[in-house]
Amino acid sequence: MILLQSLKIVQLLLKYLKTKKLEEALKASKTTKELIEILAPLEKGDCSSFILIKGAPGIGKSVLLKEIAHKWSMKELLQNFKLVLLVCLRDPEVQQAESFGDLLKLFCKRDERAPKMAHDCSSFLHDSGGKDLALLLDGFDEFPDDLRKVSLIADILARDVLPDCGIVLSSRPHATESFQSNATLIVDILGFTEDERKHYIEQALEKDSQNFKELTLYLDNHSHISSLCFVPFNMVVLLYLYTEGVSLPKNSTEMYNHFICHTMCRYLTRSGNTLMNTSITNLNDLPEPCNMIIKQLSELSLWALNHNKLIFSYDEIKKACPDIERIPGALNGFGLMQVVKHVNASLTGKTMTFNFLHLSIQEFLAAHHIANLPSDKELQILEVNFHIPNFLNVFAIYVALTKGQTSAFTQFLYDKSGSVSFRFVTILTRSLYLYWCFYEAGDMKKCEDLAKANLYVHKKLNIYNMLPSELECLTLFLTTSPHKVWLELRLTYIQDYGLWILHRGLSKANVDITIKELWLVRCNLTSSVSNLISDIAICCRVKKLVLDFNDAVGENEQLYSMLTHPSTEVEALSMYDTDLSSKAAGYLFAALTQNSVLKTLGIGCNNITDEACPAIADALKQNNTLLRLWIRFNPISVKAAELILQALQSNDTLEWLKLPEYSNDIKESIRAKMVTINRARKGRGSQAKLFVDFDGGEYLCRYWK
């Protein structure tokens, strides 16, 4: 697992900002060690490797794949492959390809020899199993659901076609679950760090110190907007609004509203068209015929989101907007859409496809359409789509646009007694989602009412398989609540990217947050996020931390800095079945020599050997607060166990020690030593009695009392 910050993307964006041409920015960019690290499995000769790249919309996945393709063409990367193809999975022609030969024809359309070239190349690659080929598949989340099981791309991913080719696949996180176990390497693109964002703002504003101070102060005072701007696209939008003199937004809805209106006005003005007044800041105030076209595109946007469709054919656009060609500037949505012209494989004709500049624009227009529907149709859409994760942003915008005041939304939200419906109260993720919607609408009174009625009641938040969008809702609640938050948080399957979202939100908190218990069980966490776990444990005053079933999460020494921090409150730490090595155990027990808070430590079912036992013994000699130590199901020899018992002769506090299973005579010998230790303690005036356990007993770490 690699967590990739966006410094590379920052450099590309700065060049792109100056040149306005991505090709020139790519040409000027330099190959970084991060890029080499990402492609290491392919570069080192494992040509059939599968690299999965994940990240939020607008964070730079497509730019990254374009740069990889460009570096191959410049003979800087992946030179062990004879052919590298960048395949856009949202392209309808890619989706319709029935064979690899059909796919190849799309890359040589303008050459009359295309059919023969595609046939010869396809035959060669099929014969070799694709070992000389690397496919850069961009945007699996934009690939239609029905084609994910039956299509050429599905066969390639299943290794039924070209089984030995290298694959780099990019996608938003929600569509990657089925690939997690098959990936050779998983790369999470995280977005800007604080320093990178400041660097980008400074360079984009051409080092104007006054403007830089004004914009950074604005971000400091608007934590929600600030958290959105870790995504490069959102940061670009904000900078665009700022440099154009548009009033800065209070939430994401205002940000996209201003961006859409200003983009349309700017496009028409530069085209010499006077259809729109540059002062318009609301889509409902558009003059005709702009209003008609935007209404039709808004309806198309909702239909497309329901069908996971992001690219439209010319016929689909004409069906949705019959008059679009006769209105100047309408064919590309007054600057909101991109038009791509395609030459067909036989070179006999051209086709056009259309897509919005960004998914957020499509989501905004869909929300605009819902907000202007008759009440009965509005209610019907709410009932069907409100709880679908992919529509989270759509309905947050919808509530913000309507202020949650429409009769349909009121009927949907409240029961006959005027209270929030039971379906929101009983399901925590729905309550968090609703909190986000009210926050976007600027209705802090309803946020507070919802928190009092439900969210503060859930002292234990048990959330399983939480999506990144739902984690965003959780962090929004934790960081914007007007009251102190005290809770137990239990998460599963959030992965490194999800933990980064949680950490980013908590670091922006304006209120006092105490997480008494933090359970991160089966979250697929790796050592890459060890420092984030440590930060959360300290800043949120975590008392019990459970990291069970996360392979290699404890291999990074940074995790144990929470035990030596002067503000640590961690009293219980469980790392059951985390593939903990003897070296990592050495880090842990070295930190324990400087700790006076931890009382319970569970590290059963790991790979701790005799090598770690001197560090364990040394920690037990120096530590006088640890009460329970569970090290069962580790390959520790009898000799090493006796070393630990010898160290306990000078320890007066440990009360419960769970050791690996040994033969009966050895267990009796150890129990005899336990009796000797307890007698010595009593002689020193200690009241603590040591108990050594070997049998299965209760489950070691999950159910602590």
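Before any of the text, the structure's been laid out above.
Cut-offs and rules
- Residues numbered from 1 in each chain as written.
- Predicted model: local features only at pLDDT ≥ 70, side-chain atom pairs only at ≥ 80, totals over all residues.
- Heavy atoms only, no water.
- Helix = DSSP H or I, 4+ residues; strand = E, 2+ residues; numbered from the N terminus.
- Buried < 20%, exposed > 50% of the residue type's maximum accessible area, 1.4 Å probe, protein only.
- Contact = heavy atoms within 4.5 Å.
- Areas by Shrake-Rupley, 256 points an atom, 1.4 Å probe, with all protein chains shown as cover.
- Salt bridge = Lys/Arg side-chain N within 4 Å of Asp/Glu carboxyl O.
- Phe/Tyr/Trp six-rings, centres within 6.5 Å; stacked < 30°, edge-to-face > 60°.
- Axes fitted to C-alpha atoms, helices over the stretch in contact; angles between N-to-C directions.
- Parallel < 35°, antiparallel > 145°, perpendicular 65-115°, else oblique.
- Left-handed = near helix turned anticlockwise from the far one by under 90°.
- Nonpolar A, V, L, I, M, F, W, Y, C, P; charged D, E, K, R; others polar.
- 1 Å grid on protein atoms, 1.4 Å probe; cavity = no way out; pocket = protein on both sides within 12 Å on 5 of 7 lines; lining within 4 Å.
- Points joined across faces, edges and corners; volume = space filled by probe spheres on them.
- Polar contact = N/O pair within 3.5 Å; in protein donor to acceptor, adjacent residues only side chain to side chain.
- Expected span 1.5 Å × (residues − 1).

Bringing the overall build of the protein chain into the picture now. From N to C terminus, the protein chain includes 31 helices and 18 strands. Going through the 705 residues of the protein chain one by one, you find that 55% of them count as buried. Taking contacts inside the protein chain between residues at least 6 apart in sequence as the whole, the part at least 24 apart equals 75%. When the accessible surface of the protein chain is totalled, it reaches about 30400 Å², and 51% of it is carbon and sulfur.

Turning our eyes to something else, we now look at the pattern of salt bridges. Across all of its chains, the model carries 19 salt bridges by this definition. With a closest N to O distance of 3.1 Å, Glu 569 and Lys 543 form a salt bridge. Placement of Glu 569 in the loop between helix H27 (561-564) and strand E14 (572-574) and of Lys 543 in the loop between helix H26 (530-539) and strand E13 (544-546) is noted, with a sequence separation of 26 residues between them. On the accessibility criterion, Glu 569 (24% relative accessible area) is partly exposed. The class for Lys 543 is partly exposed, based on a relative accessible area of 31%. Glu 661 is the salt-bridge partner of Lys 667, the closest N and O atoms lying 2.9 Å from each other. Judged by relative accessible area, which is 45%, Glu 661 ranks as partly exposed. Within this structure, Arg 90, Asp 141, Glu 142 and Arg 172 form a network of salt bridges that share partners.

Relative to the elements of secondary structure, His 369 occurs in helix H17 (residues 359-371). Counting along the chain gives 29 residues from His 369 to Tyr 398, while the straight-line C-alpha distance between them is 8.8 Å.

As a further point, take the packing of aromatic side chains. Evaluation of the coordinates by the stated rule reveals 18 aromatic pairs. Ring plane angle 35° and centroid distance 6.0 Å describe the contact between Phe 391 and Phe 395, whose orientation is recorded as tilted. Each member of the pair, Phe 391 as well as Phe 395, carries the same accessibility label: buried. Taking the centre distance of 6.4 Å and the plane angle of 70° together, the rings of Tyr 662 and Phe 694 count as edge-to-face.

The subject of this paragraph is the packing of helix H24 (residues 468-480) against helix H25 (residues 495-507). Viewed as axis vectors pointing N to C, H24 and H25 meet at an angle of 20°, and their least axial separation amounts to 9 Å. Our classification of the angle between H24 and H25 gives roughly parallel. Taken as a pair, H24 and H25 cross one another with a handedness that is right-handed. Seen from H24, the contacting residues are Pro 468, Leu 471, Glu 472, Leu 474, Thr 475, Leu 478 and Thr 479; seen from H25, they are Tyr 497, Gly 498, Ile 501, Leu 502, Arg 504, Gly 505 and Leu 506. When the residues that make up the contact of H24 with H25 are grouped by side-chain class, the tally is eight nonpolar, four polar and two charged.

Looking now at empty space enclosed by the protein. Inspection of the entire model under this criterion finds three cavities of 30 Å³ or more. Of the volumes computed, that of the largest cavity is approximately 110 Å³. Those elements giving two or more residues to the lining of the largest cavity turn out to be helix H12 (223-228), H24 and H25.

Turning to the packing of helix H14 (residues 252-270) against H17, a few remarks are in order. Close contact between H14 and H17 brings their axes to 10 Å; oriented N to C, the two are set at 100°. By the angle between their axes, H14 is roughly perpendicular relative to H17. Across the interface between the two elements, Thr 253, Tyr 256, Asn 257, Phe 259 and Ile 260 of H14 pack against Ser 360, Ile 361 and Phe 364 of H17. Grouping the amino acids of the contact of H14 with H17 by side-chain chemistry returns five nonpolar, three polar and no charged.

In this structure, the amide linkage connecting Glu 288 to the following residue, Pro 289, adopts the cis form with an omega of 5°. Inspection of the secondary structure assignment puts Pro 289 in the loop between H14 and helix H15 (290-306). Here Lys 75, not a glycine, exhibits a phi torsion of approximately 60°, which is positive. Locating Lys 75 in the fold gives a position in the loop between helix H5 (61-73) and strand E3 (83-88). The phi dihedral of Lys 403 falls on the positive side, at around 60°, and the residue is not glycine. When you line up the elements, Lys 403 lands in the loop between helix H19 (392-402) and helix H20 (407-413).

Tracing the backbone through its elements, the reader meets Ser 530 in helix H26. Among the residues examined, Ser 530 registers a relative accessible area of 0% and is labelled buried. One polar contact links the side chain of Ser 530 to the main-chain carbonyl oxygen of Ser 527, over a distance of 3.0 Å. Setting aside chain neighbours within four positions, we find Ser 530 in contact with Val 553, Asn 556, Gln 558 and Leu 559.

For helix H13 (residues 232-243), which comprises twelve residues, the first-to-last C-alpha distance of 16 Å matches the rise-based estimate of 16 Å (1.5 Å per residue) to within 8%. The set of residues buried in H13 consists of Pro 232, Phe 233, Asn 234, Met 235, Val 237, Leu 238, Leu 239, Tyr 240, Leu 241 and Tyr 242. Gly 245 occupies a position one or two residues after H13 and carries a positive phi of about 80°.

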